[in-house]
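# Coordinates in review
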Amino acid sequence: MKFPFDIVGFDLDGTLVDTSGDLTAAVNHVLDNLGRPLLSPETVKQYIGGGAKLMLQQGLEATGGIPDNDFKPLYRQMLTFYEANVSMHSRPFDGALAVLDALDDMGVRYAVVTNKFESLALKLLTDLNLAHRMGCILGADTLGKENAKPSGAPIFEMIKRCGGGRAAYVGDSIYDMMAAKNANVPSVAVSFGFLHGPVEDMGADAIIHHFDELLDCLKGMG
């Protein structure tokens, strides 16, 4: 049976790659410089998904609030640290590379659509030797911040850049599921991602608990 999708899009943080260690280190770098208590990866995971700015805001609010008129330099400080350490601890989730290999074997194109800055996504995927395999890499700033997820615009752009065809999208947040819905493509939620609440509440068309389940899940959706 022919695979029912021509393109599979992936969110990056918490979906394709476990970036929690490096994102936690970046937030804690700022908190440590402020003399604040440090946060655990489990706590920071709950802040990931809406972009780096929101992640830092929530980290600051959880440890004493945002200093008056000081957010911008703290944000730059975090981004500088993160860019220099983007792949120290980050690795693809278990089974992710096997899925990409299988998609390659079937001639299915795949791409990353993330709310990370495009430059950071590209650097991370390059460090992990994955960038060259992607049909495209779209970040929160690729089409302008007003067109980041939950907008469907980056999903439409992904389809365009990958040459057109039927697409599905895989993610771990409500932003991902809304973007897929806004682009009218089927969505799959991963329960092992950086969840903000029950995975069942995200409105995904399907849920998987390990990448081993993804291909059969997509075949069933097709």
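Just so it is clear, the structure is predicted and the values come from calculations on it, not from any experiment. (Residues numbered from 1 in each chain as written. Predicted model: local features only at pLDDT ≥ 70, side-chain atom pairs only at ≥ 80, totals over all residues. Heavy atoms only, no water.)

## Observations regarding the pattern of salt bridges
Selection rule: Between Lys or Arg on one side and Asp or Glu on the other, a salt bridge is scored when a side-chain nitrogen of the former is within 4 Å of a carboxyl oxygen of the latter. Secondary structure elements follow DSSP: runs of H or I no shorter than four residues count as helices, runs of E no shorter than two count as strands, and numbering proceeds from the N terminus.
Considering all chains together, one arrives at seven salt bridges under this definition. Residues Lys149 and Asp176 are paired through a salt bridge, measuring 2.7 Å at the closest nitrogen-oxygen approach. Placement of the pair is Lys149 in the loop between strand E5 (137–138) and helix H7 (153–161) and Asp176 in helix H8 (residues 174–182), with a sequence separation of 27 residues. The structure contains a network of salt bridges with shared partners spanning Asp11, Lys149 and Asp176.

## Things to note about the packing of aromatic side chains
In plain terms, the rule: Stacked, edge-to-face and tilted are the three classes for Phe, Tyr and Trp ring pairs, Trp counted by its six-membered ring, which pair at centre distances within 6.5 Å; planes under 30 degrees apart are stacked, over 60 edge-to-face, the rest tilted. Burial here depends on accessible area, computed with a 1.4 Å probe over protein chains only, as a share of the maximum for the residue type. Under 20% is buried, over 50% is exposed, and the range in between is partly exposed.
Under the definition given, this model contains five aromatic pairs. On the basis of an interplanar angle of 70 degrees and a centroid distance of 6.3 Å, the ring pair of Phe3 and Phe5 is categorised as edge-to-face. For Phe3, a relative accessible area of 7% gives the class buried. In this structure an aromatic cluster arises from ring pairing among Phe10, Phe93, Phe192 and Phe211.

## Details of the nonpolar core
Here is the rule: To form a nonpolar core, buried Ala, Val, Leu, Ile, Met, Phe, Trp, Tyr and Cys residues must be joined to one another through side-chain atoms within 4.5 Å. In what follows, residue pairs with any heavy atoms lying within 4.5 Å of each other are defined as contacts.
In this structure, Phe10, Leu16, Met78, Leu103 and Leu214 are the most contacted members of the largest nonpolar core, which totals 55 residues. Looking at this core, the element that brings in the most residues is helix H4 (residues 71–84), giving six residues. Not counting the four nearest positions on each side in its chain, Leu16 is found in contact with Phe10, Asp11, Pro92, Phe93, Ala96, Val112, Met134 and Phe211.

## Brief notes about the layout of surface pockets
Using the following cut-off: Cavity and pocket criteria rest on a 1 Å grid covering protein atoms alone: a 1.4 Å probe that fits but cannot get out defines a cavity, protein on both sides within 12 Å along at least 5 of 7 lines defines an open pocket, and an atom within 4 Å of a point defines a lining residue. Grid points are joined across faces, edges and corners, and a volume is the space filled by probe spheres set on the points. Amino acids are sorted into nonpolar (Ala, Val, Leu, Ile, Met, Phe, Trp, Tyr, Cys and Pro), charged (Asp, Glu, Lys and Arg) and polar (every other residue, Gly among them).
Quantified by volume, the largest pocket comes out at close to 630 Å³. Of all the elements in the fold, those that place two or more residues in the lining of the largest pocket are helix H1 (20–33), helix H3 (52–61), H4 and H8. A breakdown of the residues in the lining of the largest pocket according to their chemical character gives 16 nonpolar, six polar and nine charged.

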